[in-house]
Amino acid sequence: MKPTRSGSTQNISVSLPADLLGELRARAGRRGVSGYITEAVRHQLAMDGLAEIVAAHEAEHGALTDEEIEGARRELFGEARDPDMENDHGTGQDAA
């Protein structure tokens, strides 16, 4: 296998359940399956990194309080939203 440089790609083989692959193809749209999976993996790696940071913090300082969590949410996404609104800041996801 030749070495990769920044921005290059490599082919891999991934096995998925047939029903999941069908949903993936239907949702991938123009970006294609590879683009969709690339975005999903990047997101999951970021979430894993965040979970590691939180775990390390909690191991040293104890569990995060509701106030700390809300403060971090505000710092990341802005002021508290109106609970009657459907989604938070155009993300299409309900705020927790």
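One can find the structure itself at the top, above this paragraph.
Residues numbered from 1 in each chain as written. Predicted model: local features only at pLDDT ≥ 70, side-chain atom pairs only at ≥ 80, totals over all residues. Heavy atoms only, no water.

**Student:** Would you explain helix 2 (residues 32-61) in this entry?
**Tutor:** At 3.6 residues per turn, the α-helix brings residues three or four places apart onto the same side. The terminal C-alpha atoms of helix 2, which comprises 30 residues, lie 43 Å apart, in line with the 44 Å expected from a rise of 1.5 Å per residue. Where helix 2 ends, the next residue or the one after it, Gly-62, has phi of about 90°, a positive value. (Helix = DSSP H or I, 4+ residues; strand = E, 2+ residues; numbered from the N terminus. Expected span 1.5 Å × (residues − 1).)

**Student:** Mind showing me how you'd approach a negative patch on the surface here?
**Tutor:** A surface patch of negative charge is lined by Glu-58, Asp-66, Glu-67 and Glu-68. The element contributing the most residues to the negative patch is helix 3 (residues 66-77), with three residues. With respect to the helices and strands, the residue Glu-67 is situated in helix 3. (Patch = residues over 30% accessible without salt bridge, like charges linked within 9 Å, V, L, I, M, F, W, Y side chains within 5 Å. Areas by Shrake-Rupley, 256 points an atom, 1.4 Å probe, with all protein chains shown as cover. Salt bridge = Lys/Arg side-chain N within 4 Å of Asp/Glu carboxyl O. Lys, Arg positive; Asp, Glu negative; His and termini not counted. Charge placed at Lys NZ, Arg CZ, Asp CG, Glu CD.)

**Student:** Would you mind going over the packing of helix 1 (residues 18-28) against helix 2 with me for this structure?
**Tutor:** Helices that pack against each other are described as a pair by the angle of their axes relative to one another and the distance between those axes. Close contact between helix 1 and helix 2 brings their axes to 9 Å; oriented N to C, the two are set at 100°. Comparing their axes, helix 2 and helix 1 come out roughly perpendicular. Contacts between helix 1 and helix 2 involve Leu-24, Arg-25, Arg-27 and Ala-28 from the former and Gly-32, Val-33, Tyr-36 and Ile-37 from the latter. (Axes fitted to C-alpha atoms, helices over the stretch in contact; angles between N-to-C directions. Parallel < 35°, antiparallel > 145°, perpendicular 65-115°, else oblique. Contact = heavy atoms within 4.5 Å.)

**Student:** Can you walk me through the pattern of salt bridges in this structure?
**Tutor:** Oppositely charged side chains are able to pair whenever their charged atoms sit close together. Scanning the model with the defined rule gives three salt bridges in all. In this structure, Arg-73 and Glu-70 form a salt bridge, with 3.1 Å as the shortest nitrogen-oxygen distance. Here Glu-70 and Arg-73 lie together in helix 3, a separation of three residues that amounts to about one turn. Here Glu-70 falls in the partly exposed class, since its relative accessible area comes to 25%. Salt-bridge contacts for Arg-74 lead to Glu-70; the nearest nitrogen and oxygen are separated by 3.6 Å. Within this pair, Arg-74 and its partner Glu-70 are both found in helix 3, separated by four residues, close to a single helical turn. Residues participating in the shared-partner salt-bridge network are Glu-70, Arg-73 and Arg-74. (Buried < 20%, exposed > 50% of the residue type's maximum accessible area, 1.4 Å probe, protein only.)

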